[in-house]
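# Structure at a glance
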Amino acid sequence: MQVEYSVCLERHPLPAGGYLAHLTLNAPARMNALTLEIVTLLHRLLVELRDDSEAVAVFLDGAGNRGFCVGADALRMRESALANPGGAAVEAEVFLAHEYAAAYLIHTFPKPVICWGNGIVMGAGLGLMVGASHRIVTDSSRLAMPEISIGLFPNVGASWFLGQMPGHCGLFAALTGVELSPADALYAGLADYCLADNSKAQVLRQLLLLDWCDDPQWNAECLTECLTDIEAEQGATLGAASLKDSRGWIDEVCNQAAIIDISNSICGYRGANSWLKIAGQGHARGAASTAKLIFRQLETGRNLSLLEVFRMELVMSANRVRDPEFAEGVRARLIDRDRDPHWCYRSIEEVPELEMEAMFRAPWSTNPLDGLI
């Protein structure tokens, strides 16, 4: 096994030659929260594996048993922003560029990428997972894009994959940060298979026995057949798919033309569905400016290509990290943990349009992502 700081690479030899590359995010004490070191190495290793003819596919997972990835290290991003008030958050911007480059490379990888998304899969972790060609959740998986709770916004390609979820489910998930189950992940198209949490070693052994060759399309088809058979053999029992069960209400509420009306409806839910109640509470605690930004983000990203989405989100992220809303959200949730953020705006109506427009204006002449992809 090759170990480089916080990313591990193990090359599993195959009977017919070549190898299956096993990449592991290796920061289990932090639930594999992404740092500059991790994403820089991850991007570099992915480039090497893409260009190595001996590597037939990539298996991506996270170390430890608590989850694949809890998202980005928001504390370090905040520190970077506070180090230069009113100016560029230098380390955070470098981190974001490499994080986005790695995620974009997973989306466009010319060989199969299998992602084992067990346990906690949140924020940027979900952004990495959804780009894989074969996305596996397990019975322990809990997914979410909870950025509204820290004054950020769903990113790492979220404008793309949230927009592809059924109906208005993507907008609802982004506005509320609500937790999604394995059944939700399958229904929403965020995952392809649900396997037993303790079966990873067995699954890897079966993958090594496939008839791998130098044709990526053939390999992808063999993988699909193999994982489908494993899923059928295991017969995993899925729990409730709250997104599917609540789809009618979600679509009706989120189809309204104005974000303020959507927000009022989400917060005003008075039914018996506990999941929708929790979603409403999550939205109510979040930043009003983030809610308005998310609404515009998904509207703007609707007709963009994948690459254009990543470029847009990097601009938005570079601007938002500098914003005091982000610093305050991280303080309240991750530092003092009082969960009582003092947001700049008490309601969506107070958020200036000019501030939203500024989030989409690049703070540099050349997008840093262009030099990495």
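Described below are features of the structure shown in this document.

Definitions and limits used
Residues numbered from 1 in each chain as written. Predicted model: local features only at pLDDT ≥ 70, side-chain atom pairs only at ≥ 80, totals over all residues. Heavy atoms only, no water. Helix = DSSP H or I, 4+ residues; strand = E, 2+ residues; numbered from the N terminus. Rg over C-alpha atoms; globule rule 2.2 N^0.38 Å. Buried < 20%, exposed > 50% of the residue type's maximum accessible area, 1.4 Å probe, protein only. Areas by Shrake-Rupley, 256 points an atom, 1.4 Å probe, with all protein chains shown as cover. Lys, Arg positive; Asp, Glu negative; His and termini not counted. Charge placed at Lys NZ, Arg CZ, Asp CG, Glu CD. Arc of directions from axis to C-beta. Contact = heavy atoms within 4.5 Å. 1 Å grid on protein atoms, 1.4 Å probe; cavity = no way out; pocket = protein on both sides within 12 Å on 5 of 7 lines; lining within 4 Å. Points joined across faces, edges and corners; volume = space filled by probe spheres on them. Nonpolar A, V, L, I, M, F, W, Y, C, P; charged D, E, K, R; others polar. Pairing = 2+ DSSP bridges. Polar contact = N/O pair within 3.5 Å; in protein donor to acceptor, adjacent residues only side chain to side chain. Axes fitted to C-alpha atoms, helices over the stretch in contact; angles between N-to-C directions. Parallel < 35°, antiparallel > 145°, perpendicular 65-115°, else oblique. Salt bridge = Lys/Arg side-chain N within 4 Å of Asp/Glu carboxyl O.

So, on to the overall build of the protein. Scanning the protein from N- to C-terminus turns up 17 helices and 9 strands. Over its C-alpha trace the protein gives a radius of gyration of 20 Å, about what one expects of a compact globule, namely 21 Å for 373 residues. Along the three orthogonal principal directions, the C-alpha set of the protein runs to about 65 × 50 × 40 Å. Within the span of the protein, comprising 373 residues, buried residues form 57% of the whole. Of the roughly 15,300 Å² that the protein leaves accessible, carbon and sulfur atoms contribute 51%. Across the protein, 29 positive and 46 negative side-chain charges occur, with their mean positions spaced 6 Å apart.

On to helix α8 (residues 200-208). Within α8, the full set of buried residues consists of Val203, Leu204, Leu207 and Leu208. For α8, the angular spread of the buried residues around the axis is 140 degrees, confining them to a single face. Residues of α8 that are buried sit in contact with β2 (7-13), β3 (19-25), β4 (55-62), β5 (113-117), β9 (193-195) and α9 (216-234).

A few words on empty space enclosed by the protein. Considering all chains together, one arrives at 2 cavities of 30 Å³ or more under this definition. In this structure, the largest cavity occupies an estimated 70 Å³ of space. Lining the largest cavity, in full, are Leu34, Thr35, Leu36, Asp73, Arg76, Met77, Ser80, Glu91, Ala92 and Phe95. When its residues are assigned to classes, the lining of the largest cavity shows 5 nonpolar, 2 polar and 3 charged. Quantified by volume, the second largest cavity comes out at close to 40 Å³. Lining the second largest cavity are Leu126, Ala144, Met145, Phe161, Leu162, Met165, Ala173, Leu180 and Leu190. When its residues are assigned to classes, the lining of the second largest cavity shows 9 nonpolar, no polar and no charged.

Before going further, it helps to examine helix α12 (residues 259-267). All of the buried residues in α12 are Ile259, Ile262, Ser263 and Ile266. Buried positions in α12, seen along its axis, are confined to an arc of 100 degrees and lie on one side of it. As for α12, its buried residues are in contact with α6 (169-176), α11 (247-254), α13 (274-285) and α14 (288-301).

Let us look at the environment of glutamate 252. When you line up the elements, glutamate 252 lands in helix α11. Taking relative accessible area as the criterion, glutamate 252 reaches 60% and is therefore assigned exposed. Taking C-alpha positions, glutamate 252 is 9.8 Å from serine 265, a pair spaced 13 residues apart along the chain.

Right, let's get into the pairing of strand β7 (residues 134-138). For β7, the buried fraction is high: 5 of the 5 residues fall into the buried class. Of the two faces of β7, both are covered, the one formed by His134, Ile136 and Thr138 as well as the one formed by Arg135 and Val137. Of the strand pairs in this sheet, β5 and β7 are connected by 4 bridges, and their pairing is parallel. The residue bridging cysteine 115 from the neighbouring strand is arginine 135, located in β7.

Note that aspartate 323 resides in the loop between α15 (306-321) and α16 (324-335). On the basis of relative accessible area, aspartate 323 is assigned to the buried category, the value being 12%. Of note is the side chain of aspartate 323, whose polar atom sits 2.8 Å from the backbone nitrogen of glutamate 325. Contacts of aspartate 323, omitting those with residues within four sequence positions, involve Glu355 and Met359.

We now examine the pairing of β2. Consecutive residues of a regular strand have side chains that alternate between opposite faces of the sheet. In terms of strand pairing, β2 meets β3 through 7 bridges, oriented antiparallel. Bridging from a neighbouring strand, cysteine 8 pairs with threonine 24 of β3. Here β2 hands over to β3 after 5 residues, with glycine 17 in that stretch at a positive phi of 105 degrees.

Geometrically, a packed helix pair is captured by the angle between its two axes and the distance between the axes. Contact geometry of helix α2 (residues 74-82) with helix α3 (residues 90-108) gives a least axis separation of 6 Å together with a crossing angle of 135 degrees. Looking at the two axes, α2 sits oblique to α3. Across from Arg76, Met77 and Ser80 in α2, the residues of α3 making contact are Val90, Glu91, Ala92, Phe95 and Leu96. For the contact of α2 with α3, the residue count by class is 5 nonpolar, 1 polar and 2 charged.

Turning to the pattern of salt bridges, a few remarks are in order. The final tally for this structure, using the stated rule, is 18 salt bridges. The residue arginine 322 makes a salt bridge to glutamate 93 at a minimum N-O spacing of 2.9 Å. Taken together, the residues span a long stretch of sequence, with arginine 322 in the loop between α15 and α16 and glutamate 93 in helix α3 at a distance of 229 residues. When its relative accessible area of 28% is taken as the criterion, arginine 322 is described as partly exposed. Across the salt bridge formed by arginine 302 and glutamate 299, the nearest N and O atoms sit 2.6 Å from each other. Residue arginine 302 is classed as exposed on the basis of its relative accessible area of 55%. Owing to a relative accessible area of 40%, glutamate 299 belongs among the partly exposed residues under this scheme. A network of salt bridges, in which partner residues are shared, links Glu328, Arg331, Asp336 and Asp338.

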